[in-house]
Amino acid sequence: MRFVEPGTPRGFQIVPSVAAMGSTPVWVKDGRYNQLRVDGALVPLEGLVSDLSSVFGTVHYLDIIGIRRGNVDWSTFRAIVEKSNAIWADVGIIFSEGLIDVIMAGAQDVVVTTKMIDSMEEIVSSFELTENLVVQIDYDGSIVSKDRELRRMGPSELVEELSSFGIEVFILDDIRENRDSMDRKLLDPIMEAVPKEARVYAGIEELGELEELVDTGLAGAIVSCSKLLEGVN
């Protein structure tokens, strides 16, 4: 596979995100998930994860069926874990006990998202089960959550509180419609709130956003693997 060179400075980590439906990698095109093709050919999931991991190290993995239906294909998941150096796995965790299967399947880190997790208490319980936890803050003008406590908090307030429990890795996913760049009024208070040892990553839509992010204190960015592969169609 041929990769785009993001051109980021040393120390700024690019984490490619692979979305999969079962054993099929997909990407968003025209607002819908489509099978990922490179130069017209379907891309095998295991080979994709292996190649991305060899170039970028860590791979962010989205199990779309797991998130939508709570039905994770564990056989496929274990296979891609074996092909990677490190997987950050988002399989749609709602309750903390759901982390156990992900950990047992070999993921380096488990991603819990404010959109899916049941409550603040479940985030804290998740960290009690494993310190290999990444908390994703879904933001659409406010924190996206089914939990009233989480919805009333600002992102920087949430990061500050979770940091007090020892959680150190966060993803900020700004999903506002028609967003074309990261809002510094949103990001800067978060960076001021986290302790020095914490790492914050931003979800981005396009590689062109990177130039404005590299001097913000972010540890890196999460970006669809479709933006890092040449010949995607």
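Asker: An account of helix H7 (residues 155-164) is needed here, citing residue identities and associated values.
Answerer: Considered for burial, the residues of H7 that qualify are Pro-155, Leu-158, Val-159, Leu-162 and Ser-163. With its buried residues spanning 130° around the axis, H7 presents them on a single face. Next to the buried residues of H7 lie helix H5 (120-129), strand S9 (133-139), helix H6 (148-152), strand S10 (169-174) and helix H8 (184-193). In the segment just after H7, Gly-166 is the residue with positive phi, at about 110°.

Asker: Quick one: what's the story with the pattern of salt bridges, residue by residue and with numbers?
Answerer: Scanning the entire structure with this criterion turns up seven salt bridges. Ionic pairing is found between Arg-176 and Asp-183, a salt bridge with its closest N-O pair at 3.8 Å. Connected through shared salt-bridge partners, Arg-2, Asp-39 and Glu-230 make up one network.

Asker: Give me the packing of aromatic side chains: which residues, what numbers.
Answerer: The full count for this structure, using the stated rule, is four aromatic pairs. Ring plane angle 85° and centroid distance 5.9 Å describe the contact between Phe-3 and Phe-56, whose orientation is recorded as edge-to-face. Residue Phe-3 is located in the segment before strand S1 (13-21), and its partner Phe-56 is located in helix H1 (residues 45-56); the two are separated by 53 residues in the primary sequence.

Asker: I'd like a rundown of the packing of H1 against helix H3 (residues 74-82), residues and numbers included.
Answerer: Where H1 contacts H3, the axes come no closer than 8 Å and their chain directions differ by 30°. By the angle between their directions, the pair H1 and H3 is classed as roughly parallel. Along this stretch, H1 crosses H3, giving a crossing that reads as right-handed. Across from Leu-45, Glu-46 and Val-49 in H1, the residues of H3 making contact are Thr-76, Ala-79 and Ile-80.

Rules and cut-offs
Residues numbered from 1 in each chain as written. Predicted model: local features only at pLDDT ≥ 70, side-chain atom pairs only at ≥ 80, totals over all residues. Heavy atoms only, no water. Buried < 20%, exposed > 50% of the residue type's maximum accessible area, 1.4 Å probe, protein only. Helix = DSSP H or I, 4+ residues; strand = E, 2+ residues; numbered from the N terminus. Arc of directions from axis to C-beta. Contact = heavy atoms within 4.5 Å. Salt bridge = Lys/Arg side-chain N within 4 Å of Asp/Glu carboxyl O. Phe/Tyr/Trp six-rings, centres within 6.5 Å; stacked < 30°, edge-to-face > 60°. Axes fitted to C-alpha atoms, helices over the stretch in contact; angles between N-to-C directions. Parallel < 35°, antiparallel > 145°, perpendicular 65-115°, else oblique. Left-handed = near helix turned anticlockwise from the far one by under 90°.

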